[in-house]
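Now for the letters of each chain:
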Amino acid sequence: MSRSIDYYFSVISPWAFIGHARFLDLARRHGVRVNFRPVQLGDLFAETGGLPLAKRHPARQRYRTVELKRWREARGIDLHVKPAHWPFDPKQADRLIIAAQIAGHDVGPLAQRLMAGVWQREENLADPATLAALLAELGLPANLLEAAAQDRTATIYQANHDAAIEADVFGSPAYVLDGEVFWGQDRIELLDAALSSGRAPFTP
């Protein structure tokens, strides 16, 4: 039976974007199923002791900017450190991924395009018209936008949050393999090693 990884993320996270393609490539190489679990980061931070960027000490904010530049170069990714339409409420975009999931679509490319919309193309993902155009570009049905606003996606979005708390997840991206949390795109190599070795999960 193939193994699976629970993938907790939000389109508003630059770190999720930086690691997204690399993580999906890793999953393909290892034949691992990915369970996409978009989460509302603001709620997750509030419950686990994290702070939104604007409330962090200026030294932490400055260091984040430097780290983004480092990883942008290290991963060879085009990325705006301060995109035009950020921050924004990512709820609708995150839930669009859930709606596509429910409809049986491969959501990896959709998540990639949504994150690129924020961090590369500087699109306004809080605008329904932008999201509708994005769906059309990917050949996905327009009714996914309506489905994203329905109670079913809201329930799953909340369930993802609850599962994240239960799994000791506190940020994005987080990759959970057999109960072991790998937090941050800079842990992808460690996740790769864990999958290659087949070792038992490390526990606190």
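The following paragraphs examine the structure supplied in this document. What you see is a predicted model; the values in this text were computed from it and never measured. (Residues numbered from 1 in each chain as written. Predicted model: local features only at pLDDT ≥ 70, side-chain atom pairs only at ≥ 80, totals over all residues. Heavy atoms only, no water.)

Considering the overall build of the chain
In plain terms, the rule: Secondary structure elements follow DSSP: runs of H or I of four or more residues count as helices, runs of E of two or more count as strands, with numbering from the N terminus. For the radius of gyration, the atoms used are the C-alpha atoms, and the globule rule reads 2.2 Å times the number of residues raised to 0.38. Whether two residues are in contact is decided by their heavy atoms: any pair within 4.5 Å suffices.
Of regular secondary structure, the chain possesses nine helices and four strands. Each helix (α) and strand (β) of the chain, taken in turn from the N terminus, gives the series β-α-β-α-α-α-α-α-α-α-β-β-α. The C-alpha radius of gyration of the chain comes to 16 Å, within 12% of the 17 Å expected for a compact globule of 204 residues. Expressed as lengths along the three principal axes of its C-alpha atoms, the size of the chain is roughly 45 × 45 × 35 Å. A sequence separation of at least 24 residues applies to 73% of the contacts in the chain between residues at least 6 apart.

Details of empty space enclosed by the protein
So the rule is basically this: The definitions used throughout rest on a 1 Å grid laid over the protein atoms alone, on which a cavity is an enclosed set of points accommodating a 1.4 Å probe that cannot get out and a pocket is an open set flanked by protein within 12 Å on both sides along at least five of seven lines; lining residues are those having an atom within 4 Å of a point. Grid points are joined across faces, edges and corners, and a volume is the space filled by probe spheres set on the points. In the scheme used here, Gly and all other residues not listed as nonpolar or charged are polar, with Ala, Val, Leu, Ile, Met, Phe, Trp, Tyr, Cys and Pro taken as nonpolar and Asp, Glu, Lys and Arg as charged.
Counting across every chain of the model gives one cavity of 30 Å³ or more. Here the largest cavity is characterised by a volume of approximately 40 Å³. The wall of the largest cavity is formed by R3, L177, D178, E180, A194, R199, A200 and P201. For the lining of the largest cavity, a count of residues per class yields four nonpolar, no polar and four charged.

Focus on the sheet that holds strand β1 (residues 4-9)
Just so we agree on the cut-off: In short, DSSP must find at least two bridges between two strands for them to pair. Fitted lines through C-alpha atoms give the axes, limited to the stretch in contact for helices. The angle between two N-to-C directions lies from 0 to 180 degrees.
In spatial order, the strands read β2-β1-β3-β4; together these four strands make up an open sheet with mixed pairing. Each edge of the open sheet carries a strand with a single partner, namely β2 (33-38) and β4 (180-183). Direction aside, the axes of adjacent strands within the sheet are offset by 20° on average. With four bridges connecting them, strand β3 (residues 174-177) and β4 associate as antiparallel partners. Along β4, the bridge assignment pairs V176 with V181.

What about unusual backbone geometry?
Note that the residue after W86, namely P87, is joined by a cis bond; omega there is 0°. Of note, P87 is situated in the loop between α3 (58-75) and α4 (91-102). Phi at D178 is positive, roughly 50°, even though this residue is not glycine. Along the chain, D178 falls in the loop between β3 and β4.

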